[in-house]
Amino acid sequence: MDGTAELLFYVNGRKVIEKNVDPETMLLPYLRKKLRLTGTKYGCGAGGCGACTVMISRCNPITKRIRHYPANACLIPICSLYGAAVTTVEGIGSTKTRIHPVQERIAKCHGTQCGFCTPGMVMSIYTLLRNHPEPTLSQLTDALGGNLCRCTGYRPIIDACKTFCKTSGCCQSKEDGVCCLDQGINGLPEFEEGNETNLKLFSEEEFLPLDPTQELIFPPELMTMAEKQPQRTRIFSGDRMTWISPVTLKELLEAKVKYPQAPVVMGNTSVGPDMKFKGIFHPVIISPDRIEELSVVNYTDNGLTLGAALSLAQVKDILANVILKLPEEKAQMYHALLKHLGTLAGSQIRNMASLGGHIVSRHPDSDLNPLLAVGNCTLNLLSKEGKRQIPLNEQFLRKCPSADLKPEEILISVNIPYLRKWEFVSAFRQAQRQQNALAIVNSGMRVFFGGGDGIIKELSIAYGGVGPTTICAKNSCQKLIRRRWNEEMLDAACRLILDEVSLPGSAPGGRVEFRRTLIISFFFKFYLEVSQILKRMDPLHYPSLTDKYESALEELHSRHHWRTLKYQNADPKQLPQDPVGHPIMHLSGIKHATGEAIYCDDMPAVDRELFLTFVTSSRAHAKIVSVDLSEALSLPGVVDILTEEHLHGINSFRLLTEPEKLLSTDEVFCVGELVCAVIADSEVLAKRAAQRVKIVYRDLEPLILTIEEAIQHKSFFEKERKLEYGNIDEAFKMVDQILEGEIHMGGQEHFYMETQSMLVVPKGEDQEIDVYVSTQFPKYIQDIVASTLKLPANKVMCHVKRVGGAFGGKVMKTGIMAAITAFAANKHGRAVRCILERGEDMLITGGRHPYLGKYKAGFMNDGRILALDVEHYSNGGAALDESLLMIEMGLLKMENAYKFPNLRCRAWACRTNLPSNTALRGFGFPQTGLITESCITEVAAKCGLSPEKVRTINMYKQIDQTPYKQEINAKNLIQCWKECMAMSSYALRKAAVEKFNSENCWKKKGLAVVPLKFPVGLGSVAAGQAAALVHIYLDGSVLVTHGGIEMGQGVHTKMIQVASRELRMPLSNIHLRGTSTETVPNANISGGSVVADLNGLAVKDACQTLLKRLEPIISKNPGGTWKDWAQAAFDESISLSATGYFRGYESNMNWETGEGHPFEYFVYGAACSEVEIDCLTGAHKNIRTDIVMDVGCSINPALDIGQIEGAFIQGMGLYTIEELNYSPQGVLYTRGPNQYKIPAICDIPTELHVSLLPPSQNSNTLYSSKGLGESGIFLGCSVFFAIQDAVSAARQERGLFGPLKLNSPLTPEKIRMACEDKFTKMIPRDEPGSYVPWNIPI
Ligand SMILES: Cc1cc2nc3c(=O)[nH]c(=O)nc-3n(C[C@H](O)[C@H](O)[C@H](O)COP(=O)(O)OP(=O)(O)OC[C@H]3O[C@@H](n4cnc5c(N)ncnc54)[C@H](O)[C@@H]3O)c2cc1C
Ligand code: FES
Ligand code: FES
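Residues take numbers from 1 onward in each chain, read along the sequence in its written order. Chains carry letters and ligands carry numbers; both start at the beginning, A for chains and 1 for ligands, and go up in the order they are written. Confidence filtering applies because this is a predicted model: local features only for residues at pLDDT of at least 70, side-chain atom pairs given and counted only at 80 or more, and all residues used for totals across whole chains, interfaces and linings. Hydrogens and water are ignored here; the side-chain numbers use all heavy atoms of the structure.

A. View of the environment of Val-54. Numbered from the N terminus, helices here are DSSP runs of H or I no shorter than four residues, and strands are runs of E no shorter than two. Within the element layout of this structure, Val-54 appears in strand S3 (residues 53-59). Between the C-alpha atoms of Val-54 and Glu-631, which are 577 residues apart in sequence, the distance is 38 Å. Once residues lying within four places of it in the same chain are set aside, the contact partners of Val-54 are Leu-27, Leu-31, Thr-40, Tyr-69, Pro-70, Ala-71, Ala-73, Val-86, Thr-87, Thr-88 and Met-123. A contact between two residues is defined here by any heavy atoms of the two lying within 4.5 Å.

Dropping the structure here:
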């Protein structure tokens, strides 16, 4: 063994040698901090988001082939990289050299908004292209399955990908044998390109060609090393950990004898997260490197032997090849494994994780182990004692000592036998999201009949996700032997299995009844599948499946994507260089794609910089009895720990009505409340010390978590808010029918890709302090920091270059954390950085308010709603934050597109013991709009009318009045509605859906269309004021500054378009550096869809002032250049700098009278979605969505369509899969992408059509444009109602006609349990109160 190993690998073609490497170092921080390659981003640190994707290349010394694969840098220990070449986004292209076609196309196809996910996306696509220069679209979407984007909705990213495919313009679906290019939408000509409309947002013709010869070559030195390097174990020793990399089997076995407890780390995708998140520490790690015997692939007469070190991606490729060569019956197991490998994690994890690691780690939700267990697989083990074979059976999976590996043993390979004739195997899984999500329940099932008599000879069933280990239904299977494969057997099997695989009501993971149902629903699927094969094999002896059952076996998820869009061309009368109305690429698009765009944590370390981390409360309501800091303070490198005491007199700040505390070391009101702040020399030390802070709590009563509990305790922030119109009590007396109902809507996590980040730098002079922070509201940060430091605001400057997504979540808590960080920086006179980890961020910062809506509607039999009485309850959490404003906005927007002649709506913000909820895109409307739409759907059901009919009947008609008596012209609303109905061929498709539903029992389709009226405005004039500063320099270049924050919505791009139009100069002449309280003071918050609107008017004002000043000079020399004019102005002492100002829209609201004019304009729209659900599993697929929006006159159709699509997908997530889970003690379980599922590429509609109404004049706004940041979220509920429609169809078929109560989000669990059938009836139910549930609905 080599005791003095030096680590050698390459990064972007340059050699890296580390002499004293610490084995605890992961590649991500190494790249970012040590090599200053900050293009690779931190999004979660858990392998779940793909922001840190890099390409790893390795040479196989035997085959001499280079393997390139994508990997998550956050899970790669750098010691594992010996001899590897790492390529980061900086290595493939840059603006300084040449940009890579992938970088160019993702940017020019508008696939970047905030840009934080972009480097990861780029690297996933790039790596695929290195292996497949002309990939299929399926390969591309597969390659992006492990990359999350919270902004774009993925469509433009797919567009960029398609340009690399052979047939790039086509959807490549051809499911019915017809290509999209041949058929148009519904065969209708609506999207024909004319003079005025445009169907494209980019031009492929200008793209750089992909030239594989231009790529970085694999370093020859590494090639030579791979071939010639003497075989010896490398050891890397750090302070706490030793890393041993044996390179021969003999040395591996020796190491295992010496360190039997050391894990054998292969992909580190199991050990790594355990160490990071569960605090499991291994002083020694053994990581075999390129040991040939561990990578064998052997075909024998009995089956396939696969080496333990093969990655899951390699296994997938091998199996895909094997099934081509084998007869189908023999290869069934490989088909089943492939099916699971297609959805298991993302491509990065599949490329890192090894087969051996997967098997040996024995995760309870492992997808492969249940299959391997039923498939009679065996494990080939080796130790110094010799070889041994053990079965991969339940005992092994339960880690029974007699059936397990011995500590000094190594798993060498796995035998996976072929199936015999009359033997069948299948795999099932259901997860919250279809791809890159651990299964809620999965299963492997095998039956062997021995002959064609249909009598069971062998049966094996194993489940994952139903206990602490994979569980086999052994006794049930035993009892079913010799039974005939028929309905009686099915019934008996379900009962036996439910009895054997029992889940207690309090089982970890919750969803107990759903999981019980899945257990038998999967068996039913298996039963159908085998019955179908038997019928095929012996049509005479086996009955056919009823036709209605066949689709139960079909896959729901198509990977082909097709998008169309339509928008109006810019006004042909515009000057040719005027960019307004054109789909200009995001100003930072290329920099996002090259990794050059700088975010807060990308800023280089300041000399002697410190790191701050928070210790947060682990109790939801408690008195802090004591805080012991001694052990934490004694750690070397720990500089200070701040508590409430240090902030005496400055420990609270008031933004709205109620002051909020910074640190709470006395009493805590929620889990995640900031208790103290640890400041240390480095992040690692700060985190280590934070774990050593000992807090003793005494729980306090009451503990209020849910809205219902808050109502019970009358725990509200302030008194109710109310809006009333007409005479509700009288109206109720006149109506034909009255219904009462309620709907509960869960919260939502912002899941901005860049977590909360800040760096505070004391300037060392005059107490000046600079705050670099990822925020939407620099002025607030300035104020809170100034107040905390007792400084005037002119000493505190806040700077924001760009924000990696915010969605409303980077204001209130950001301010509190910035104030504490600034206090630390000021106290120690040193720069302090604070970057939250994903889990901390999710725990501390809160999100969208959960809502409970109770309604009473009075309506006529023809569907007219004459009276509506609604109560809104929002779960505000422990602090006021923006909860009151939120319920007010919720009230003002709740009627959506409908005129309710008599309306009473009251709202309460509940004070609970949860982290304070805050603003999130849509600000109350997604919740209150859903409540109203639910009520309408229920009215329709009561009247026996279609929901769209009742929607149309009650919709605003032309000139009308809102409940707060603001005038509204609904012409464009009606136009959007009608266009959406026509574009989606609603009537035709509704008939098709009904036909499908009548022909299919276990799959149902649903269709729904919802209108949108989204009011835009801030409720006061002052909140809408904006300012800008424009300088012209003597070389003619222009610098624009304004008060808005660039957080992905493209506001800076639009501002440059405005300046370009106003000054009549090319875009390239204008620059924008970022936002700062130093250049534009007192700027309002960036939010509420109006950032470009308001700041654009200020930029326009500044430019017009300048132009007016310069007009005499320009007219003197009309042929001159800007340089000439600037110089002439200077010579004539004319100022070349101007501020611009917009005072805000007229806006008022009187809550006493319930009247006002709070909004400037309304954004109108409509969306129609069609879904298919699997009634047996609760899975759903969004087949198609059509969106029509009225955007006024778009300043930039690419950015506007991007906002609509991105918001729609975020809304779809909100209403379907994004589910926060809390323990009964108020602890948030869902603290990362592995537990909380935002939509991924697999979730987007197979078809998406977006059409903008022709331009309409909107007199007061910037060039008649409309702000679109938030409205699209609500359109996501068209998917909710389409699912509800499908569920209703299933229920009606089963004779269930009563009211259907479905809450949001409509998760697989809710869908499955609502599709009641014989299986849901069969499962045991627990008496409420007889157990403590794992989670509670918030
Ligand atoms: C983001 C993410 C998503 C995931 N999604 C899924 C999913 O959808 N479905 C699913 O089933 N799984 C999923 N997983 C789990 C994943 O499949 C496993 O983590 C992975 O297969 C483990 O392999 P590894 O090589 O990384 O193991 P490592 O972490 O390297 O090792 C794991 C364990 O195996 C032991 N070990 C490894 N090789 C040997 C050997 N040859 N001999 C003896 N012991 C050995 C080690 O000692 C260690 O205890 C996911 C994981 C992550 C991080
Ligand atoms: S940061 Fe690595 S996957 Fe999220
Ligand atoms: S652009 Fe993808 S996360 Fe923002």
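Now that the structure has been shown, the text picks up again.
B. Expanded view of the UniProt feature "binding site: [2Fe-2S] cluster 2" (unreviewed entry) in the protein. UniProt positions are given in the numbering used here, feature names are shortened, and annotations may be inferred rather than shown by experiment. Mapped onto this numbering, the UniProt entry gives "binding site: [2Fe-2S] cluster 2" (unreviewed entry) at Cys-114, Cys-117, Cys-149 and Cys-151. Their sequence span is 38 residues, while the largest C-alpha to C-alpha distance among them is just 9.4 Å; these annotated residues converge on one region. As for its position among the elements, Cys-114 is in the loop between helix H3 (101-108) and helix H4 (118-131). For Cys-114, the contacting residues outside a window of four places in its chain are Cys-151, His-592, Tyr-599, Val-803, Gly-804, Gly-805, Met-1047 and Gly-1048.

C. Structural context of helix H39 (residues 1277-1293). Helices are assigned an expected span. That span is 1.5 Å times one less than the residue count. Under the 1.5 Å per step criterion, the end-to-end length of H39 is 24 Å for 17 residues, consistent within 8% with the ideal 24 Å. Along H39, 13 of the 17 residues are buried, which leaves the element largely enclosed by surrounding structure. Downstream of H39 by one or two residues, Gly-1295 has phi in the positive range, about 80 degrees. With a 1.4 Å probe rolled over the protein chains alone, any residue whose accessible area is under 20% of its type maximum counts as buried; one over 50% counts as exposed, and the rest are partly exposed.

D. Focus on the pairing of strand S12 (residues 378-383). For S12, the tally of buried residues reaches 6 of 6 residues, placing the bulk of the element in the interior. Residues Thr-378, Asn-380 and Leu-382 line one face of S12 and the alternating positions Leu-379, Leu-381 and Ser-383 line the opposite face, and both faces are buried. Summarising the sheet, S12 and strand S13 (residues 386-391) pair through 6 bridges and their orientation is antiparallel. Across the sheet, Leu-381 pairs through a bridge with Arg-388, a residue of S13. Any two strands are treated as partners once DSSP identifies two or more bridges connecting them. The hairpin turn running from S12 into S13, its antiparallel successor, is 2 residues long.

E. Quick look at the site of ligand 1. The rule for a residue being near a molecule or strand is that one of its heavy atoms must lie within 4 Å of it. In the vicinity of ligand 1, 34 residues are found, and the nearest of them are Met-266, Thr-269, Val-271, Ser-354 and Asp-367. For the purposes of these results, a polar contact is taken to be a pair of N or O atoms within 3.5 Å, where, inside protein, one atom must be able to donate a hydrogen and its partner to accept one; residues adjacent in sequence count only when each atom of the pair is a side-chain atom. Take Asp-367: an N or O atom from its main chain is 2.7 Å from an oxygen atom of ligand 1. Accessibility throughout is a Shrake-Rupley quantity obtained with a 1.4 Å probe, and a residue counts as covered only by protein chains that appear here. Its free accessible area being 980 Å², ligand 1 has 93% of it covered by the protein chains. Listed by contribution, the elements that provide at least two residues to the shell around ligand 1 are helix H14 (355-361) and strand S14 (410-417). It is H14 that contributes the most residues to the shell around ligand 1, 5 residues altogether. Taken together, the residues of the shell around ligand 1 sort by class into 18 nonpolar, 13 polar and 3 charged. In this classification, the charged set is Asp, Glu, Lys and Arg, the nonpolar set is Ala, Val, Leu, Ile, Met, Phe, Trp, Tyr, Cys and Pro, and all remaining amino acids, among them Gly, are polar.

F. A look at the UniProt feature "binding site: [2Fe-2S] cluster 1" (unreviewed entry) in the protein. Per the UniProt annotation, the sites labelled "binding site: [2Fe-2S] cluster 1" (unreviewed entry) are Cys-44, Cys-49, Cys-52 and Cys-74. Considering the C-alpha atoms alone, the annotated residues occupy 31 residues of sequence yet fold into one spot, their largest mutual distance being 10.2 Å. When its relative accessible area of 2% is taken as the criterion, Cys-49 is described as buried. Excluding its chain neighbours within four sequence positions, the residues that come into contact with Cys-49 are Gly-43, Cys-44, Gly-146, Asn-147, Leu-148, Met-753 and Pro-1233. Take Cys-52: it is sitting in the loop between helix H1 (27-34) and S3. Dropping the residues within four chain positions of it, Cys-52 is found in contact with Leu-28, Thr-40, Lys-41, Ala-71, Asn-72, Ala-73 and Cys-74.

G. Representation of the pattern of salt bridges. Any carboxyl oxygen of Asp or Glu within 4 Å of a side-chain nitrogen of Lys or Arg constitutes a salt bridge here. Taken as a whole, this structure holds 81 salt bridges when the rule is applied. Note that Glu-104 and Lys-108 form a salt bridge whose closest N and O atoms lie 2.8 Å from each other. Here Lys-108 and Glu-104 lie together in helix H3, a separation of 4 residues that amounts to about one turn. In this structure, the salt-bridge partner of Arg-446 is Glu-458, at a minimum N-O distance of 2.9 Å. On the criterion of sequence distance, the pair formed by Arg-446 in strand S16 (residues 439-448) and Glu-458 in strand S17 (residues 458-464) is long-range, its members being 12 residues apart. The exposure class of Glu-458 is partly exposed, given its relative accessible area of 26%. Taken together, the salt bridges that share partners define one network made up of Arg-32, Lys-33, Lys-41, Asp-601, Asp-602, Glu-609 and Arg-833.

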